[in-house]
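Architecture at a glance
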Amino acid sequence: MSRILHSRLRFTSKRTWPAVDKRAVAFSVWTGRSLLLHKPIDPINIPRRRYGMLVARAVRGVLKIRYLLLGGAVGGGMTLNKKYTEWKDGLPDMGWLNDLLPDNEQWNNFATTLISAKDKISDQLQIEPAPKIVNNLQSRPAPMVASAQSEDNAAYEKRVHALQEEILSLQARYQRELQRLEQENRELRQQNMLLRQGRQPSTKKMKRSLIDMYSSVLDELAGWEAGEAGRLPRVVVVGDQSAGKTSVLEMLAQARIFPRGAGEMCTRAPVKVTLSEGPYHVAQFRDSSREFDLNKESDLADLRKEVEMRMRASVRGGRTVSAEQIAMSVKGPGLPRMVLVDLPGVISTQTVDMAADTREAIKQMTKQYMDNPNAIILCIQDGSVDAERSNVTDLVASCDPQGKRTIFVLTKVDLAEENLANPNRIRRILEGKLFPMKALGYYAVVTGRSRKDDSIQNIRDYEERYFRSSKLFKDGLVSAAQVTTRNLALGVAECFWRMVRDSVEQQADAFKAMRFNLETEWKNTFPRQRELDRDELFERARAELLDQSAELSAVAAANWEARLTGALWDAAAPKVLDQIYLPAAAQAHADVECVKLRPIKYDKNSDAMTMWNDPYDIDYNKFNTTVDIKLREWAEGDLAAVSVAAGREALRAEFAALLSRAGDTDPVYEPLKRAAVEEALARHQWEDRAQDVLRVLQLNALQDRMVRSRADWDAAVALMDSALKERLSATSEQLHELTGPGFRERWLYWRTPTAEQARRSTTLAELERLGVTRPQLTYDEVVAARDNLRRRGVEVDNDYIRETWRTVYMRNFLSRAQNRARDCRKSFYLYSQQNGAEKECCEVVMFWRVQSTLRTTANALRQQIANREAARLDRDLREVLDEMAADSELKKKLLCGRRVELAEELKRVRQVQEKLEEFIEALNKEK
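Everything numeric in this text was worked out from a predicted model, so none of it was measured. (Residues numbered from 1 in each chain as written. Predicted model: local features only at pLDDT ≥ 70, side-chain atom pairs only at ≥ 80, totals over all residues. Heavy atoms only, no water.)

Right, let's get into helix H24 (residues 710–739). Between its first and last C-alpha atoms H24 spans 42 Å; for 30 residues at 1.5 Å apiece the expected length is 44 Å, and the two agree. Just past H24, the residue Gly740 takes up positive phi, approximately 85°. (Helix = DSSP H or I, 4+ residues; strand = E, 2+ residues; numbered from the N terminus. Expected span 1.5 Å × (residues − 1).)

What follows is the structure, encoded as structure tokens:
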């Protein structure tokens, strides 16, 4: 830069001013010095010019940044607007619905035109049908013609209804999409404004109104209507069915917010409506974030559908009415500030489609709300029916006999004036001289003209016109302050706030005393323990369960294999003994003559050992063949499924062991943890492909018939010995139950056998005396045993003898087999020398094959648990815990006891007290 400056200075110094070129002009503009004034450049002032040049560049950079920021903000806003426009243009055009559906005026004109055309045609024209059609109609019977016409009409109406429902569904979807886009448009505009102003959205919360604060206190007390908890003021709207309660409430809310029913019960559950003043006329449910714009008919229809859906959902289980409260808030300009509870109408007759206790349930619910000494009772009476038919007035008089908190409202006064012959009767009602009940005030209102499409404003205009023109009220029979829903709203709101100011501090003191008593009980009953409510206990139990579930993957492999092997043997032992080993041994035992000679006794005469055939030895070749067949059938059959079931059982046992090892767990939520684990294990399903993999591994393992180590041989002998010992013990116990006490028990414990046990014992002795060793007795042997028993005075049949023999043979066989297993313990050397050709201990080899297969299965199951099943079980456990977290009734059932209930009461009392104190502070500031 300096070189360029010096070159330009030299260039200009050699020239005169009339010959100034373009470079000099540019330089003069750049440096701020005019060369057009014919002033030469002073070389001394070059540093000053350079400083000014730098300042000018800095200022220019700052100005450029400002323009960049402004341009970026404008460009960002334009980009957001363009994005929204493209998004909105991408939606399907639903404008054809507006052209397709006529408005109300067009419908009315069209209907009027059709009616007039029909009258003119019927009066002026006489159209004769074609002869052929006439003949056909005359030849067809009249009932058939009528039925055909009715079928055509029904089909036509069905198609019309289907088209109407389709159009309504399209309209609903269109409105929802339009509402969503409008919301997004508002957000985009807000972001655009913030970008233009260079500000961030404010996070400060809006100050809540008094009525909203008070409504939140009542929400905390919802479902807790016992003692002092239900004594806070509210306006309870009661009346007979179809007396106009809902219409009065809608006039107060200035919107048609409730569904209508043609002659049937609409209000099936209490509806708490919080009215408050606001800039926009909107409604919102307590447990929902959606706001319904009450100025839009589509939102009003959605609101009514939502109310109806919630009411029907609350009457599950065949009930007609429910005590479950539906809470909603309505805000709008000029609305009174109060909390109203709309109750189901009192009925005098139950219909067949109602529950048996509907009438009594409504009466008890209404009485429960009115028994609150601070509740304002808004008693609604239908003016178009006889006063003697009222059911609610006696109920109100019983709850508030002095009428200190009752406001009487007479509805449908316009119909009453038309139907009553004596107008003085209305005056007596509004003066409190006709009904036996007393009230603070009496009001007369008109809430409709029997037109369900009328807007609230039209009804209010009609009400004003009626009271201005009515003779009853022109003549001064009733004061002007007693008429119109506007005066009713002012009177009810004034009474409500007067009741609130008079009682709220007293209620706050009551909750403060309740809190002190509960805290004292906690300190005395559960010292040095935290006050954990049901939700906090559930979260602690959830955390512990998930931690213990994560420990499954950290269990040692040896522990897993030991547990899995034990579970597999427990599941496979009945199959191995009853369907493989014992049948194979029985088949191989029948035709043996000389398999092995054993020394029995020493003969003194011959000075030698007497050798004889062991009657319970088996044919080992036949035994091995049968075992091979049965083991393969077992492996190809249900062995894999049994193994998976044993793996699930081992997983359950290991999880239970982890739960039992948790030393610092709280016993109060142990039932919850057990229930969650049981449900997760019940849902957990092993992968299907695992059975195919196990089946291949098990078939390969069963093919190996060679025991290769002494440790494996000893383990197989121990398994065989323990299995036979357990089965022998069970068989001996069965024989003992059949034959009764023995000689020792008779003399030492004075036990006497029954007649059946004595007969069974005699039969057993006879069979042992025969010396038979085969699994099945021959017919001659059975007859011989029966004849011998008959000579001894014991009558038995053949089946009885065979049944007894099966138990005797099983005991003798198991005893001999156990002896063979113990003899084979020392035969491994001989077995190894013959390379597995030794057949005398083939039973040990069979148990080793089973044991080796189970070990291979246990190893595969352990790997499956570590790689897949532990994670899947953890996922199932999380799902179960999430479902439990949303089920308050289940949590209340599993987390119970005085400790939990006391902590819950403390939590609720503290919340109510804090909100009451906040409300009282705001109420005092407003004063």
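The structure having been displayed, the exposition proceeds.
A few words now on the packing of H24 against helix H28 (residues 798–823). In contact at an axis separation of 9 Å, H24 and H28 are set at 155° when each is read in the N-to-C sense. Taken together, the axis directions place H24 and H28 in an arrangement best described as roughly antiparallel. In this structure, H24 crosses over H28, and the sense of that crossing is left-handed. Note on element contacts: H28 touches H24 through Thr807, Val808, Met810, Arg811, Leu814, Ser815, Ala817, Gln818, Ala821 and Arg822, opposite Val717, Met720, Asp721, Leu724, Lys725, Arg727, Leu728, Thr731, Ser732, Gln734, Leu735 and Leu738. By residue class, the composition of the contact of H24 with H28 is 11 nonpolar, 6 polar and 5 charged. (Axes fitted to C-alpha atoms, helices over the stretch in contact; angles between N-to-C directions. Parallel < 35°, antiparallel > 145°, perpendicular 65-115°, else oblique. Left-handed = near helix turned anticlockwise from the far one by under 90°. Contact = heavy atoms within 4.5 Å. Nonpolar A, V, L, I, M, F, W, Y, C, P; charged D, E, K, R; others polar.)

Right, let's talk about the state of the cysteines for a bit. A covalent bond between the sulfur atoms of two cysteines is what we call a disulfide. One pass over the structure, following the stated rule, counts 1 disulfide. Put simply, Cys824 and Cys841 are joined by a disulfide, and their sulfur atoms are 2.2 Å apart. Where Cys824 bonds to Cys841 through sulfur, the torsion about that S-S bond is close to -95°, and the disulfide is left-handed. Of this pair, Cys824 sits in the loop between H28 and helix H29 (828–833) while Cys841 is found in the loop between H29 and helix H30 (842–886), placing the two residues 17 residues apart along the sequence. For the pair Cys824 and Cys841, a shared accessibility class is recorded, and that class is buried. (Disulfide = S-S within 2.5 Å. Buried < 20%, exposed > 50% of the residue type's maximum accessible area, 1.4 Å probe, protein only.)

For strand E7 (residues 376–382), a buried count of 7 out of 7 residues is recorded, marking the element as mostly surrounded by other parts of the structure. Neither face of E7 is open: one carries Ile376, Leu378, Ile380 and Asp382, the other Ile377, Cys379 and Gln381, and all of them are buried. With 5 bridges connecting them, strand E1 (residues 235–239) and E7 associate as parallel partners. Paired with Gly239 across the bridge in E7 is Ile380. (Pairing = 2+ DSSP bridges.)

The next thing to look at is the sheet that holds strand E3 (residues 282–285). Backbone hydrogen bonds hold the strands of a sheet together, and the pairing may be parallel or antiparallel. If you trace the 9 strands from one edge of the open sheet to the other, you get E4-E3-E5-E2-E6-E1-E7-E8-E9, paired in mixed fashion. Each end of this open sheet is capped by a strand with a single partner; those strands are strand E4 (292–293) and strand E9 (441–444). Packed onto the sheet, helix H8 (residues 210–220) meets strand E2 (271–277), strand E5 (326–332) and strand E6 (338–342) and runs at close to 165° relative to E2.

Here we take up the packing of helix H11 (residues 358–370) against helix H12 (residues 392–399). Where H11 meets H12, the axes come as close as 10 Å, and the angle between the chain directions of the two elements is 35°. As H11 runs across H12, the sense of the crossing is right-handed. Across from Lys363, Thr366, Lys367 and Met370 in H11, the residues of H12 making contact are Leu395, Val396 and Cys399. Class assignment for the residues of the contact of H11 with H12 results in 4 nonpolar, 1 polar and 2 charged.

Another aspect to go through is the environment of Gln381. Turning to its location among the elements, Gln381 is positioned in strand E7. Remark: the alpha-carbon pair of Gln381 and Gly239, spanning 142 residues in sequence, is separated by 6.3 Å.

This part takes up the confidence of the model for the protein. Averaged over the protein, the pLDDT score is 76; the fraction of residues at 70 or greater is 71%. Of the regions scoring below 50 in pLDDT, residues 1–47 engages in 32 contacts with residues more than four places distant in sequence or in other chains. Ignoring residues within four places in sequence, the model shows residues 591–616, a span with pLDDT below 50, making 47 contacts including any to other chains. (pLDDT = per-residue confidence, 0-100.)

What follows covers the environment of Arg542. Residue position: Arg542 is located in helix H18 (residues 534–550). Sequence separation between Arg542 and Leu881 is 339 residues, and the spatial gap between their C-alpha atoms is 6.9 Å. Not counting chain neighbours up to four residues away, the residues in contact with Arg542 comprise Leu881, Asp882 and Ala885.

What follows concerns the pairing of E3. Bridge count between E3 and E4: 2 bridges; the pairing is antiparallel. Across the sheet, the residue bridging to Val282 is Asp293, located in E4. As consecutive antiparallel partners, E3 and E4 are separated by 6 residues.

With that settled, consider the packing of aromatic side chains. Enumeration according to the criterion identifies 16 aromatic pairs in this entry. When the centroid spacing of 6.1 Å and the interplanar angle of 85° are considered together, the rings of Phe285 and Phe292 count as edge-to-face. Among the residues examined, Phe285 registers a relative accessible area of 2% and is labelled buried. For Phe292, a relative accessible area of 4% puts it in the buried group. Aromatic side chains Trp522 and Phe526 sit 5.0 Å apart centroid to centroid with 45° between the ring planes, which places their arrangement in the tilted category. Take Phe526: its relative accessible area is 15%, and that puts it in the buried class. Aromatic ring contacts, followed pair by pair, group Tyr581, Phe623, Trp805, Tyr809, Phe813 and Phe847 into a single cluster. The residue whose ring lies beneath Arg759 is Tyr800, and the NZ or CZ to ring-centre distance is 4.6 Å. (Phe/Tyr/Trp six-rings, centres within 6.5 Å; stacked < 30°, edge-to-face > 60°. Lys NZ or Arg CZ within 6 Å of the ring centre and 35° of its normal.)

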